[in-house]
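Report on the structure
The lines below spell out each chain.
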Amino acid sequence: MKLIIAIVQDEDANHLIGTLLDEGFSATKLATTGGFLKSGNTTLLLGVDDSRLEEAMGIIEKVCKSRTQIAASPVTMGGSGGMYASFPIEVTVGGATVFVLTVDQFVKY
Ligand code: 2BA
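In terms of nonpolar packing, the biggest core is built from 17 residues, with I4, L16, L20, V48 and I60 touching the most fellow members. Taken together, the elements giving at least two residues each to this core come down to β1 (2-8), α1 (10-22), β3 (40-48) and α2 (53-63). For this core, the leading source of residues is α2, giving 5 residues. I4 has contacts with L44, L45, L46, V48, L53, A56, M57, I60, V98, F99 and V100, leaving out every residue within four places of it along the chain.

A word on the pairing of β3. Relative to β3, β1 runs antiparallel, the two sharing 7 bridges. Looking at β3, one finds that I5 is bridged to L45. Judged from the 6 bridges that link them, strand β2 (residues 28-33) and β3 form a sheet pairing that is antiparallel. When the bridges of β3 are listed, T28 appears paired with L45. Here β2 hands over to β3 after 6 residues, with K38 in that stretch at a positive phi of 55°.

Taken together, I7, G34, G35, F36, L37, N41, T92, V93, G94, T97 and F99 are the residues near the ligand. Within the backbone of G35, an N or O atom sits 3.2 Å from an oxygen atom of the ligand. A distance of 2.8 Å separates an oxygen atom of the ligand from a polar backbone atom of L37. When the ligand sits alone it has 760 Å² of accessible area, and the protein chains cover 52% of it. Mapped by element, the contributors of at least two residues to the shell around the ligand are β7 (88-93) and β8 (96-102). A breakdown of the residues in the shell around the ligand according to their chemical character gives 5 nonpolar, 6 polar and no charged.

What counts and how
- Residues numbered from 1 in each chain as written.
- Predicted model: local features only at pLDDT ≥ 70, side-chain atom pairs only at ≥ 80, totals over all residues.
- Heavy atoms only, no water.
- Core = buried A, V, L, I, M, F, W, Y, C linked by side-chain atoms within 4.5 Å.
- Buried < 20%, exposed > 50% of the residue type's maximum accessible area, 1.4 Å probe, protein only.
- Helix = DSSP H or I, 4+ residues; strand = E, 2+ residues; numbered from the N terminus.
- Contact = heavy atoms within 4.5 Å.
- Pairing = 2+ DSSP bridges.
- Near = heavy atom within 4 Å.
- Polar contact = N/O pair within 3.5 Å; in protein donor to acceptor, adjacent residues only side chain to side chain.
- Areas by Shrake-Rupley, 256 points an atom, 1.4 Å probe, with all protein chains shown as cover.
- Nonpolar A, V, L, I, M, F, W, Y, C, P; charged D, E, K, R; others polar.

So, in structure tokens, the structure goes:
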């Protein structure tokens, strides 16, 4: 068995969960925050049999779209008189950041 940890954009989360459940997968949804943009994203936990790993990965790849976002740069520019200002930058986010871990044991009590 594998544990898929998929970090996706909030805009894709409900469509992705719906598609996964329709196909017989189980999922847990966590509300998370990206460290760089400091804006909300969604992390899904999926326990899947090895035989269905590629299928689950294919659904994630198909549903999750990459998008550009404007963010305030964490780097500040020094100004006169000790004034500092961040500046907007464009970043491409997603489709999905996915980790796949091998599960030693899976138990439901
Ligand atoms: P955030 O950390 O908010 O990052 C959002 C997007 O900002 C990233 O998209 C990337 O395009 C950009 N970005 C991140 N760090 C950057 C930096 N130091 N300089 C310039 N641009 C930077 P994605 O790569 O698609 O990542 C989307 C979200 O996935 C991330 O949100 C974070 O929550 C998670 N993530 C990505 N890589 C990760 C990793 N290695 N470990 C844990 N979480 C990760």
